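# Structure assessment
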Amino acid sequence: MALLRSTLVRHLVLLALGALALVLLTGSLSTFHNYELAGLGAYVCTAAGLTVLTGLNGQISLGHAALMAIGGYTVALLQIRFSDRAITGLWVLPLSLLAGAAVTGVAAAVVGVAAARLRGPYLAGVTLALGVALPALTSRFTSVFKGDQGLSVPFDPPPASLGANFAVERWQAWISLGAALIVLFFLANLNRSAIGRHFRAVRDDEVAAQLSGLSVPRVQILAFTVSGVAAGLGGGVFAVSLQTASPGSFDLTLSLALLSAVVIGGLGSLAGAVWGSIIVVYLGIVLRGFVDDLGLSAASAQKLHDNLPNAAFGLLLVLVMLILPGGIQGLLRRLAGVAPVDRLRRGRPEPFAAAIAQHSSSPPPSGGQQ
Amino acid sequence: MTGTHRRRTRVVAAVTAIALVGLMACGSTKTKSGGNAAGDTSAPGVTKDSILVGTTQPLTGPAAPGYSKISAAMTAYFKYANEQGGVNGRKVTLKVLDDGYNPANTATKTRQLVLQDKVFALLGSLGTPTHTAVLDFIKTNKVPDLFVASGSRSWNQPAKYPTTFGWQPDYTVEGKILGDYVKKTFAGKKVCSFGQGDDFGTDGVQGVEAVLGSTALASKQTYTPTNTNVGPQVAALKSAGCQVVVSFTVPGFTALELGTAAKLGFHPQFVVSNVGSDIVTLTGFLKEATVPLLEGMVSDSYLPIPTDASNSWIKLFQTVNQKYNNNVPFDGNVLYGMSVAYTFLQAVKAAGKTLNRGSLTAAVEKGGFTGPGLTPFRFSASDHSGFAGTQVAVIKGGVATPTGSIFTTDDSNGPLTVYSGSAATAPANGLP
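Residues numbered from 1 in each chain as written. Chains lettered and ligands numbered in written order. Predicted model: local features only at pLDDT ≥ 70, side-chain atom pairs only at ≥ 80, totals over all residues. Heavy atoms only, no water.

## Some thoughts on the packing of aromatic side chains
All names here are of chain B. Taken as a whole and judged by the stated rule, the model has 29 aromatic pairs over all chains. Here the aromatic rings of tyrosine 77 and phenylalanine 317 are separated by 5.6 Å at their centres, their planes lie at 85°, and the arrangement is edge-to-face. Of this pair, tyrosine 77 sits in helix 2 (residues 64-83) while phenylalanine 317 sits in helix 12 (residues 312-324), placing them 240 residues apart in sequence. Accessibility assignment for this pair places tyrosine 77 and phenylalanine 317 in one class, buried. One aromatic cluster is present, formed by Phe147, Phe165, Trp167, Tyr302, Tyr336, Phe369, Phe377, Phe379 and Phe387 through successive ring pairs. (Phe/Tyr/Trp six-rings, centres within 6.5 Å; stacked < 30°, edge-to-face > 60°. Helix = DSSP H or I, 4+ residues; strand = E, 2+ residues; numbered from the N terminus. Buried < 20%, exposed > 50% of the residue type's maximum accessible area, 1.4 Å probe, protein only.)

Structure representation (structure tokens):
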């Protein structure tokens, strides 16, 4: 049990368990449900990054779908190049996904520079504008992005060693959920490191953080970058799971669904980002299926299709804020009788000095920075 | 915790992780033989007396006006055919899913049809941007993807997408035939283009340029189906001094283009490709302004004119429309849907009693189908495009009248050839 006291080991064990669950889960579900799981993986990647930004660092973003679009289009453009040159191999797609994440990280850093100067509703406004404007660029430069049609995302079939009948959808679910696990692993470690503490310190009290020698804008830009990398990877695997990158898949609704997911799940909690993504994705699927079964006319079915899930997320959001400010993860913690590891947004912020004292007296965290 | 201890724990953890990744790699090794496109004997969705096919259609969204009638017409025709016993003893059911002309929706809806509803084939799925998004998925699942309702050249790539087939003439062929008419009729005028900002517009403009020359278009404007403001584009066409505007637009955007141009006092000669020129559909937008705005507009058609009551196919389809389609206004969309349904029944009949995915695609590649089309189909093992050509029509007084010869041509630089054959007569019972 001594081993489990090391954060890194504990997270590695969780990562391995997650991978095992992934293999078992995808193997027992139908191909269509694997396709839905692949979509879920993309949500988890992005929501995890968003909960770090919003929950741990206190910056809001209403434009994370646009960051996903940057990742998705980068992957599409690269994969088309690879496919045209008949370059294949198991490394090709991971390379594109990494590039997508990196490019999005850079873009997010730029947004972060602006974000570091803005607070509250102004920040919400800027990120909202990003979410609306960026997908529109695709119809400005149609020769590169092909407008609403978007780009196809060719990728190699699953490796032959997995068997001739290994469904592409299952492979997509592996890619997508695998990426989600990696994102969760890195963010969990980051959360426990000095950087994670900096994020929280800046969120709780900017003046106190500054007095302790932290550069507030630098920390905020870093948080945006980290969040952007996760969103870029999420967008990349989303494009792979849809086999297309089009502006319609990265619209404002997605940004809002992601924000709903992190709040419903429990702001600032990675596990909460997972719960929230599951709720948002599957509640959407269930509600749309419900609408289809009503046998309405196409026009009214379509209106409900678009609006019923959004209305449900909104209602759920209000209820969660009123009844369970810690979200699902907060509820689970309360049920399990565990005190919250991290103070959430409700209530008085944790005094910074006390936090420092508490953290420096605890055993050294992961990574061995000390 | 000492340094060595920590290092050891990390080694243990790394080994565990690698072991688990290894486990992942040998997770599933079920072996069943998967067939290739030609000899694929699988036949999900087929029983001895039924066939389930699926289609994605814009029942809502920017392309819905007009196009939403196509799948209803297909369903109506199948109902009619089923009541007469179907084909080879099998009745056809068409499952229609709405994608709102949004490629992101098409991706999910098509997977729903193929993976969840287990349709035998996709039939007449509509739209260039939408259907392009699912080609790779269709390929990996080896689903016959017949008669895509779009003229993109993407459907005609037998080596890359062996199960996908077009139906209507491709937009490049249309562009060439329209371009040829422009060249002969409006010689010396400044020609421009207005097209959808995707393969639909690009393929069409390419056809026009193949005839007029690659630098002949003075201004090339595009639009996005999700943005209904075409003011800037039409103003650009006006300021470029365009005298002829060749358009590759869906009906809603043809109406926006004509209306916006009229508002700006811009009155060029409009030339609109087939899919954007159905008069009944445009009337839904333009109301009482339809006749004046459409006066003199040039278009083209590969099917008989819907108002041509002397045509045996039109008569047949109008009867079916009355009885099985709530007698909706009979327009190019109803004609289109029923014609596609008829071609599908021919393909199913040709595939024979033992219907499977392989025999269906082989039957289409064998070709030889007849129908209401003005020209024959080009289907073969090396060509998956549909009708070989079209005929230009001019709208006068709110009625389209065919003019000149029926032309066929290829989608590259080949010449236009006059086609003089005539279409088959419709069978009395409507079954192939």
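## Observations concerning a nonpolar patch on the surface
Residues and elements named next belong to chain A. Together, Val13, Leu14, Leu17, Leu20 and Leu24 make up an exposed nonpolar region whose accessible area comes to about 440 Å². You can see leucine 14 is positioned in helix 1 (residues 7-28). The class for leucine 14 is exposed, based on a relative accessible area of 52%. (Patch = residues over 30% accessible without salt bridge, like charges linked within 9 Å, V, L, I, M, F, W, Y side chains within 5 Å. Areas by Shrake-Rupley, 256 points an atom, 1.4 Å probe, with all protein chains shown as cover. Salt bridge = Lys/Arg side-chain N within 4 Å of Asp/Glu carboxyl O.)

## Things to note about the pattern of salt bridges
Residue and element names in this part refer to chain B. This structure, assessed with the given rule, holds 11 salt bridges over all chains. Across the pair aspartate 203 and arginine 153 runs a salt bridge, and its minimum N-O distance is 3.1 Å. With a gap of 50 residues between them, aspartate 203 in helix 7 (residues 199-212) and arginine 153 in the loop between strand 5 (145-146) and helix 6 (171-185) connect regions that are remote in the sequence. In this structure arginine 153 comes out as partly exposed when scored by relative accessible area, which is 22%. For arginine 378, the salt bridge is made with aspartate 383, and the minimal N-O distance between the two is 3.8 Å. Judged by relative accessible area, aspartate 383 falls into the buried class, the value being 18%. If you follow the salt bridges from partner to partner, you end up with Asp170, Arg378 and Asp383 in one network.

## Section: the state of the cysteines
Residues and elements named next belong to chain B. Tallying each qualifying case throughout the model produces 1 disulfide over all chains. Paired by a disulfide, cysteine 192 and cysteine 242 hold their sulfur atoms 2.0 Å apart. Taking the sign of the S-S torsion, -90° for the link of cysteine 192 and cysteine 242, the bridge is left-handed. Taken together, the residues span a long stretch of sequence, with cysteine 192 in strand 6 (residues 191-196) and cysteine 242 in the loop between helix 8 (231-239) and strand 8 (244-248) at a distance of 50 residues. (Disulfide = S-S within 2.5 Å.)

## Description of the domain arrangement of chain A
Residues and elements named next belong to chain A. Structurally, chain A comprises domain 1 (1-158 + 166-249) and domain 2 (251-344). Distance between the C-alpha centres of domain 1 and domain 2: 19 Å. At the junction of the two partners, domain 1 supplies 34 residues and domain 2 supplies 25 residues. Between domain 1 and domain 2 the total buried area reaches about 2300 Å² when both faces are included, carbon and sulfur atoms providing 74% of it. The largest per-residue losses of area from domain 1 upon contact with domain 2 belong to Leu40, Tyr43 and Thr51, which jointly make up 24% of the total buried on that side. At the junction of domain 1 and domain 2, the tally comes to 0 salt bridges. Counting across the interface, domain 1 meets domain 2 through 3 residue pairs in polar contact (both at pLDDT 80 or more). (Domains from an automatic or database assignment. Contact = heavy atoms within 4.5 Å. Buried area = accessible area lost by both parts, 1.4 Å probe. Polar contact = N/O pair within 3.5 Å; in protein donor to acceptor, adjacent residues only side chain to side chain.)

## Notes on the packing of helix 9 (residues 251-263) of chain B against helix 10 (residues 279-286) of chain B
Residue and element names in this part refer to chain B. Axis separation between helix 9 and helix 10 bottoms out at 9 Å; the angle between their running directions is 55°. In terms of axis orientation, helix 9 runs oblique to helix 10. Helix 9 and helix 10 meet at a crossing whose hand is right-handed. Note on element contacts: helix 10 touches helix 9 through Thr281, Leu282, Phe285 and Leu286, opposite Pro251, Gly252, Thr254, Ala255 and Leu258. Of the residues that constitute the contact of helix 9 with helix 10, the class distribution is 6 nonpolar, 3 polar and no charged. (Axes fitted to C-alpha atoms, helices over the stretch in contact; angles between N-to-C directions. Parallel < 35°, antiparallel > 145°, perpendicular 65-115°, else oblique. Left-handed = near helix turned anticlockwise from the far one by under 90°. Nonpolar A, V, L, I, M, F, W, Y, C, P; charged D, E, K, R; others polar.)

## Thoughts on the nonpolar core
In this structure, B:Tyr77, B:Phe147, B:Trp167, B:Phe344 and B:Leu360 are the most contacted members of the largest nonpolar core, which totals 103 residues. No other element matches helix 13 (residues 332-351) of chain B, which puts 12 residues into this core. Looking at which domains feed residues into this core, each of domain 1 (46-168 + 308-387) and domain 2 (171-301) of chain B supplies at least three. Those residues in contact with B:Leu360 that sit more than four places away from it in its chain are B:Phe120, B:Ala121, B:Pro144, B:Leu146, B:Phe344, B:Ala347, B:Val348, B:Ala351 and B:Leu355. Listed in part, the 100 residues of the second largest apolar core include A:Leu123, A:Ala223, A:Phe224 and A:Ala261. (Core = buried A, V, L, I, M, F, W, Y, C linked by side-chain atoms within 4.5 Å.)

## Some remarks on the pairing of strand 6 of chain B
All names here are of chain B. In terms of burial, strand 6 is a largely internal element, 6 of the 6 residues being buried. By the bridge criterion, 5 bridges tie strand 6 to strand 8 in an arrangement that is parallel. Counted as the bridge partner of valine 191 is valine 244 from strand 8. Where strand 6 lies against strand 7 (residues 220-223), 4 bridges are found, and the strand directions are parallel. The residue bridging serine 193 from the neighbouring strand is lysine 220, located in strand 7. You can see the chain leave strand 6, run along helix 7 and come back into strand 7, and the turn it takes is right-handed. (Pairing = 2+ DSSP bridges. Right-handed = clockwise from strand over helix to strand, strands pointing away.)

## Observations concerning the interface of chain B and chain A
Of the residues lining the interface, 43 residues belong to chain B; the matching set on chain A comes to 42 residues. Overall, the association of chain B and chain A removes approximately 3700 Å² of surface from exposure, summing both partners, and the carbon and sulfur fraction of that is 60%. Our enumeration of links across chain B and chain A arrives at 1 salt bridge. Applying the counting criterion to the chain B and chain A interface returns 6 residue pairs in polar contact (both at pLDDT 80 or more).

## Brief notes about the domain arrangement of chain B
All names here are of chain B. Domains assigned within chain B are domain 1 (46-168 + 308-387) and domain 2 (171-301). Listed by partner, the interface residues are 21 residues for domain 1 and 19 residues for domain 2. Of all residues in domain 1, Pro62, Tyr67 and Arg153 bury the most surface against domain 2, accounting for 33% of the area lost on that side. Joining domain 1 to domain 2, the criterion identifies 1 salt bridge. Summed over the shared surface of domain 1 and domain 2, the result is 8 residue pairs in polar contact (both at pLDDT 80 or more). Of all the elements in the fold, those that place two or more residues in the side of domain 1 that touches domain 2 are helix 2, helix 4 (128-132) and helix 13. Of the residues forming the side of domain 1 that touches domain 2, the biggest block, 4 residues, is contributed by helix 2. A per-class count over the side of domain 1 that touches domain 2 returns 8 nonpolar, 9 polar and 4 charged.

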